[in-house]
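# Coordinate analysis (summary)
Each chain, written out:
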Amino acid sequence: MEVDTWIGSLRADGRRMADVATGLSLDDPVPSCPEWDVRTLLRHTGMVHRWSGTMVQDARPEPPGREDVLPGGWPSDEGLVDWFRDGHARLVSALETAPDDLDCWTLMQMPHPRAFWARRQAHETAIHRVDTELVAGAASGFGKEHAADGIDELLVFFISRPDRGPKAPEVKTLRVVAADVGQHWTATFGPDDSAGQAGGEEPVDCTVTGRASDLYLYLWNRIPPDGIRIDGQGDVLGYWSEATF
């Protein structure tokens, strides 16, 4: 996917998230994040938008501190959605105007930080847009290209971060097959680190097959595996569902 496509997704999903949130109570629980209410969801995502937007806009070599992005503390409940909209708009603008050769801190070594942050925030916001919709009753899906890119980011990058990703008492392997885009990935996890790759042909403990949009949301623990084919050891998915990414 191109940087402009990620920014376009970020723009649309952030706006959708804010629009849905206006019809909710801030005290409503978020079923996909059991310890959160809507207030916490908006604060978290709005804070992440400001944090990454400051990084991009100021080309920071190190992550900004809390005082840099939240100098006055949290906004009032009455102003929370507007605060969220403002931080989201600033992030979109920062990414749109950043040069292609932007040099700033990223979560991992990447040759193109602008592309990294556009992709990361597109998927961060997409998943939390779904969280907001689930509070309202039902989540809308994703185009298959966006969903496949999100699976790739999760399995190749996100689970490989130190002390993150699924854990199991012994090494387990999972293959994810997005049938509608003709792509597959392989993840490995156990008592220590997790890792993943695009492709992979070696035998695995468990394979899940389905549409990219369903797999994207299922792997992020946002929906049950309805419509997804599961072959192999079911405990692999049990360990996966316990992960906190």
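An account of the accompanying structure is given in this report.

Procedures and definitions
All chains use their own residue numbering, which begins from 1 and follows the written sequence. Residues qualify for local features only when their pLDDT is at least 70, as the model is predicted, and side-chain atom pairs are given and counted only at 80 or more; totals for whole chains, interfaces and linings, by contrast, use all residues. To obtain the side-chain values, all non-hydrogen atoms of the structure were used and water was disregarded. Segments assigned H or I by DSSP are reported as helices when at least four residues long, segments assigned E as strands when at least two residues long, and all are numbered from the N terminus. Between buried and exposed lies partly exposed: a residue is buried under 20% and exposed over 50% of the maximum accessible area for its type, with that area taken using a 1.4 Å probe on protein chains only. Put simply, a salt bridge is a Lys or Arg side-chain nitrogen that is within 4 Å of an Asp or Glu carboxyl oxygen. In this analysis, the expected span of each helix is defined as 1.5 Å times one less than the number of residues it contains.

On to the environment of E35, then. Positionally, E35 belongs in the loop between α1 (3-21) and α2 (38-57). According to the relative accessible area criterion, E35 is exposed, its value standing at 78%. For the pair E35 and H112, spaced 77 residues apart in the sequence, the C-alpha separation amounts to 35 Å.

A word on the pattern of salt bridges. Under the criterion given, the structure shown has 23 salt bridges. Note that R16 and E133 form a salt bridge whose closest N and O atoms lie 2.8 Å from each other. Placement of R16 in helix α1 and of E133 in helix α5 (residues 113-136) is noted, with a sequence separation of 117 residues between them. Classification of R16 as partly exposed rests on a relative accessible area of 41%. Between R39 and D37 there is a salt bridge, with the nearest N and O atoms lying 3.3 Å from each other. Looking at R39, the relative accessible area reads 16%, which means it is buried. On the basis of relative accessible area, D37 is assigned to the buried category, the value being 18%. Several salt bridges converge on common partners, so that one network encompasses D13, R16, R129 and E133.

Before going further, it helps to examine α5. Under the 1.5 Å per step criterion, the end-to-end length of α5 is 35 Å for 24 residues, consistent within 8% with the ideal 34 Å. For α5, the buried fraction is high: 21 of the 24 residues fall into the buried class. Following α5 by one or two positions, G137 adopts a phi angle in the positive range, close to 135°.

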